[in-house]
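# Per-entry structural report
Each chain is listed here by its residues.
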Amino acid sequence: MSVQWGNEGDAKAAVRDVRNDSTPTDWVLFKYEGPKSQTIVVGGSGSGGLNELVGHLSNDMVGYGLIRKTDRIDESETVKFAFILYIGDKVGIMQKARISVHSGAVKDFIGQYHVDIMASKVEELSDEILTRKIQDTSGSGTRVLDESGARAATKTAAPRAAATSAKGSASSGVTFENREAIQELRAGGVNWILYSYENSNSNNVVLVGKGNGGVDELSANLSDDIVGYGLVRLIERIDESDTVKFAFINWTGDNVPRMLRARIGTHSGAVKEFLHPYHVDIQATHKSEVTEDIVVKTVKKAAGTASHIVNSPSSSSSSSSSSVSTGGSSSGEAPRRAAPDRAQFKSTASYKPAVNKQELGISIVDADALKSAIADVRNDSTDTNWVLATYEGANSNTIKLLGKGSGGADEMISHLSDDMVGYGLYRTVETFDLTQNVRFAFINWVGENIHRMLRAKLGTHSGAIKELFSPYHVDLHATNQAEISSDILAERIRASMGTKDNVKA
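Here's a quick rundown of the structure.

## Some thoughts on the overall build of the protein chain
Secondary structure summary: the protein chain contains 14 helices and 22 strands in total. Residues classed as buried in the protein chain amount to 53% of the 505 residues present. A fraction of 65% describes how many contacts in the protein chain between residues 6 or more apart in sequence connect residues 24 or more apart. If you sum the accessible surface of the protein chain, you get close to 21800 Å²; carbon and sulfur atoms cover 47% of it.

And the structure:
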């Protein structure tokens, strides 16, 4: 069921206003025209943050809100967006029934956000609650700024070093050295750092490289016999604002010894805590998967500037209103901005995966069957909750539908083996407070014993495959059974929702 907008142009303009850092507007609220209406209209906007938005809510209405907030990660300020779903406790049953259908389309219309909050009482919504939610999600402690630009006065969080000291995490068995390189990166002294294990039999992670040459220079330090944990600093320019972004590169070379590969899954959480916070993570096993272009596209997609912001149709300029660069200057000075085009919001609510064999560089056996299976997973009225595709042969560029079913993640995982590549889509429902939320996970399985020629092609296929299975909320890259399970998927999905501490297994 598609959403009906009272004035779609006004709604798009309101969203653009919130996303534009050069305007004071930091919130917009959408609501239904009436209790029995399916038409959504702008219910208000302003510059007073969530506390001001709350003044427009009542216990007999449904509200969809977008809030802009500034978060500080070390020496860098980044903009965060929060999605608010408010369902008053006196909302009628029929209107409640429509929310699960409409909320997904509204979220697509609004675009990317970092956290979401669902509430049924105004007491559950405040600037302090939002600040804490952003802190929990970004790992930024007490560094979220209030509307005046001052640090929000909230309870001081324990320093990250307490969770993961310079010598690492005893519970995971992994230790870390050279933490000062992370501080240098965040201060703008370098724009990439790379850590790896001291040797193949060691659990000690040490710094193996750093520099100002960006993603390509980092990639040059990767080899197929190491595990590498990299962090890249980029500058994203959206309209008139520059924000610093961090990308985590998780590299596992083709020839990593089996014993080390088996330990990686147990180290993963500690490694991410050591390098946290960052905005995106990229799993890679081949250098073709670690390029500046791929990292930039991943950052823009996560920020919502890739799929939701496009040039104005009236502009003939080829320059985008959003750009990302590694910003080579060690001074930390933001690069000079060119006059940007005015951005226009683009809804992805009606997105369907396109299958163009020439553009993908791959072919699909019975493309209609695969597309139908993906659509089945996305259809809440069917029991199908997973679909899995694989290559037709060990050295093939042709993918085919391997299977689909309604038995959840464990049933899908049972079809994976160590001599195959699998691409899957999994649907699950997470319940937060009084609301059920449908979430999709993309599974990228690369078995340890796949043919070397096939492994070499995966990087060139990656973007097209993800486009075929998009959109989804999280992705999981796995190479052995220890790295994928229903529990691991649930944990990843909860973390992406910001409900990790609220949803109990």
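## Some details on the nonpolar core
Membership of the largest hydrophobic core comes to 26 residues, with the highest contact counts inside it found for Phe30, Ile40, Tyr64 and Leu85. Sorting the residues of this core by element identifies helix 1 (8-19), strand 2 (27-32), strand 4 (62-73), strand 5 (76-87) and helix 3 (93-110) as the ones contributing at least two each. Discounting residues that sit within four places of it in the chain, Ile40 has contacts with Val3, Gln4, Trp5, Gly6, Phe30, Lys31, Tyr32, Tyr64 and Val106.

## Points about helix 8 (residues 258-275)
Since one α-helical turn is 3.6 residues long, residues separated by three or four positions face the same way. The end-to-end C-alpha distance of helix 8 is 25 Å, a good match for the 26 Å that 18 residues give at a rise of 1.5 Å each. Of the residues making up helix 8, those classed as buried are Leu260, Arg261, Arg263, Ile264, His267, Ala270, Val271, Lys272, Phe274 and Leu275.

## Here's the deal with helix 11 (residues 367-378)
With 12 residues, helix 11 should cover 16 Å at 1.5 Å per step; its first-to-last C-alpha distance of 17 Å lies within 8% of that length. Among the residues of helix 11, those classed as buried are Ala367, Leu370, Ala373, Ile374, Asp376 and Val377.

## Quick word on unusual backbone geometry
That bond from His276 to Pro277 is cis: its omega, 5°, falls within 30 degrees of zero. With respect to the helices, strands and loops of the structure, Pro277 is situated in the loop between helix 8 and strand 13 (280-284). Looking along the chain, the bond that leaves Ser470 and enters Pro471 is cis, with omega of -5°. Residue placement: Pro471 occurs in the loop between helix 13 (452-469) and strand 22 (474-478). In this structure, Asn178 is a non-glycine residue whose phi angle is positive, near 60°. Mapped onto the fold, Asn178 is located in the loop between strand 8 (175-176) and helix 6 (180-186). Take Asn178: its relative accessible area is 28%, and that puts it in the partly exposed class.

## Some details on the pattern of salt bridges
Throughout the structure, instances matching the rule amount to 10 salt bridges. Glu8 is the salt-bridge partner of Lys12, the closest N and O atoms lying 3.7 Å from each other. Placement of the pair is Lys12 and Glu8 together in helix 1, with a separation of 4 residues, close to one helical turn. It is possible to trace a salt-bridge network through shared partners that takes in Lys107, Asp116 and Arg439.

## Section: the packing of aromatic side chains
Overall, the coordinates contain 15 aromatic pairs when judged by the stated rule. Relative to Phe274, the ring of Tyr195 lies with its centre 5.3 Å away and its plane at 80°, an arrangement referred to as edge-to-face. On the criterion of sequence distance, the pair formed by Tyr195 in strand 9 (residues 192-197) and Phe274 in helix 8 is long-range, its members being 79 residues apart. For the residue pair Tyr195 and Phe274, the accessibility class agrees, reading buried in each case. For the ring pair Phe442 and Phe469, a centre distance of 5.6 Å and an interplane angle of 45° mean the geometry is tilted. A residue pair is termed long-range when its members are at least 10 positions apart, and Phe442 in strand 21 (residues 435-446) and Phe469 in helix 13 qualify at 27 residues. Each residue in the set Tyr391, Tyr423, Phe442, Phe469 and Tyr472 is aromatic and connected to the rest through ring pairs, giving one cluster.

Thresholds, definitions, all that
- Residues numbered from 1 in each chain as written.
- Predicted model: local features only at pLDDT ≥ 70, side-chain atom pairs only at ≥ 80, totals over all residues.
- Heavy atoms only, no water.
- Helix = DSSP H or I, 4+ residues; strand = E, 2+ residues; numbered from the N terminus.
- Buried < 20%, exposed > 50% of the residue type's maximum accessible area, 1.4 Å probe, protein only.
- Contact = heavy atoms within 4.5 Å.
- Areas by Shrake-Rupley, 256 points an atom, 1.4 Å probe, with all protein chains shown as cover.
- Core = buried A, V, L, I, M, F, W, Y, C linked by side-chain atoms within 4.5 Å.
- Expected span 1.5 Å × (residues − 1).
- Salt bridge = Lys/Arg side-chain N within 4 Å of Asp/Glu carboxyl O.
- Phe/Tyr/Trp six-rings, centres within 6.5 Å; stacked < 30°, edge-to-face > 60°.

As far as function goes, none of this settles anything; it's purely spatial.
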